[in-house]
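Architecture at a glance
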Amino acid sequence: MSMSETIYLKKSGEGLYEEKKSRFIAVTYPVKDPQEAQDIIDETRKKYWDARHNCYAYAIGPANEVTKCSDDGEPSGTAGRPILEVITGSGVHNCLVIVTRYFGGTLLGTGGLVRAYTKSASEAIKASLLVTLTEGARLTVRTDYNSFNLIKNIAADGSAAIKDIIYDAGVTMIIECAANVSDVLFDKITDATSDQAVIEVKDAGLIEIISQVSSV
């Protein structure tokens, strides 16, 4: 993935995992710098003051220029590092994941801890809203009302978003999409409307495209 096409965390998600009565509560947070991450970590420790561990990791910057992880008292390499590997493995940036553990009374062993922290962090990222920042194109589509729903469905089916709709004698739709799919979108709309839609394509610079929708 190029520097002009980068996945960012947009909205937090939560993942839960339980093993041998130990509960692991993972939450993702969008962060812009280490100080913002530390403030969230401090607040989490206050919120879950009665938990045994609040382990975390974060990766900040379009090339993960800043990373940090903490086992917070767990055996070395069993918590913070697995969380960080989930973040970097998912390709998401500007992301903090904190996993809070409530001890269930039974030791899980090194392998069990790595599995638990990996699983809970993965579930949290799956539940998050992720967006791809990419080079975009803006399509201005002028059509009649009969073709309106057809074009809406086409836009919803790809890497595109309808930014505005203007209703008058006909319908004018402003659609943004990744630049590398603009030709495909153009052709689909043209075919669906039997070449009746008037389409203008312009460069939109860097835009956000939803790449994963939160399930919470």
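Structure's up top.
Residues numbered from 1 in each chain as written. Predicted model: local features only at pLDDT ≥ 70, side-chain atom pairs only at ≥ 80, totals over all residues. Heavy atoms only, no water.

1. A few points about the pattern of salt bridges
- Per the stated rule, a full pass over the model turns up 8 salt bridges.
- Here Lys126 ties to Glu123 by a salt bridge, and the two come within 3.6 Å at their closest N and O atoms. Highlighted residues: Lys126 and Glu123, both in helix 3 (residues 109-126), separated by 3 residues, approximately one helical turn.
- Assessed through its relative accessible area of 25%, Glu123 is described here as partly exposed.
- Of the charged contacts, one joins Glu200 and Lys202 as a salt bridge, the two residues approaching to 3.6 Å between their closest N and O atoms.
- Taking the relative accessible area as the measure of exposure, Glu200 reaches 33% and is therefore partly exposed.
- Salt bridges sharing common partners tie together Lys119, Glu123 and Lys126. (Salt bridge = Lys/Arg side-chain N within 4 Å of Asp/Glu carboxyl O. Helix = DSSP H or I, 4+ residues; strand = E, 2+ residues; numbered from the N terminus. Buried < 20%, exposed > 50% of the residue type's maximum accessible area, 1.4 Å probe, protein only.)

2. Considering the environment of Arg142
- Tracing the backbone through its elements, the reader meets Arg142 in strand 8 (residues 129-143).
- Discounting residues that sit within four places of it in the chain, Arg142 has contacts with Val171, Thr172, Gln196, Ala197, Val198 and Glu200. (Contact = heavy atoms within 4.5 Å.)

3. Details of the pairing of strand 2 (residues 14-19)
- Side chains Gly15, Tyr17 and Glu19 project from strand 2 onto a buried face, and the interleaved Glu14, Leu16 and Glu18 project onto a face without burial.
- Pairing between strand 2 and strand 3 (residues 22-30): 6 bridges, direction antiparallel. Across the sheet, residue Gly15 finds its bridge partner in strand 3, namely Ala26. (Pairing = 2+ DSSP bridges.)

4. Overview of the sheet that holds strand 5 (residues 66-70)
- On the basis of which strands lie adjacent, the open sheet formed by 5 strands has the order 2-3-7-4-5 and antiparallel pairing. The open sheet has two edge strands with one neighbour each: strand 2 and strand 5. Neighbour to neighbour, the strand axes of the sheet diverge by 15° on average, direction disregarded. (Axes fitted to C-alpha atoms, helices over the stretch in contact; angles between N-to-C directions.)

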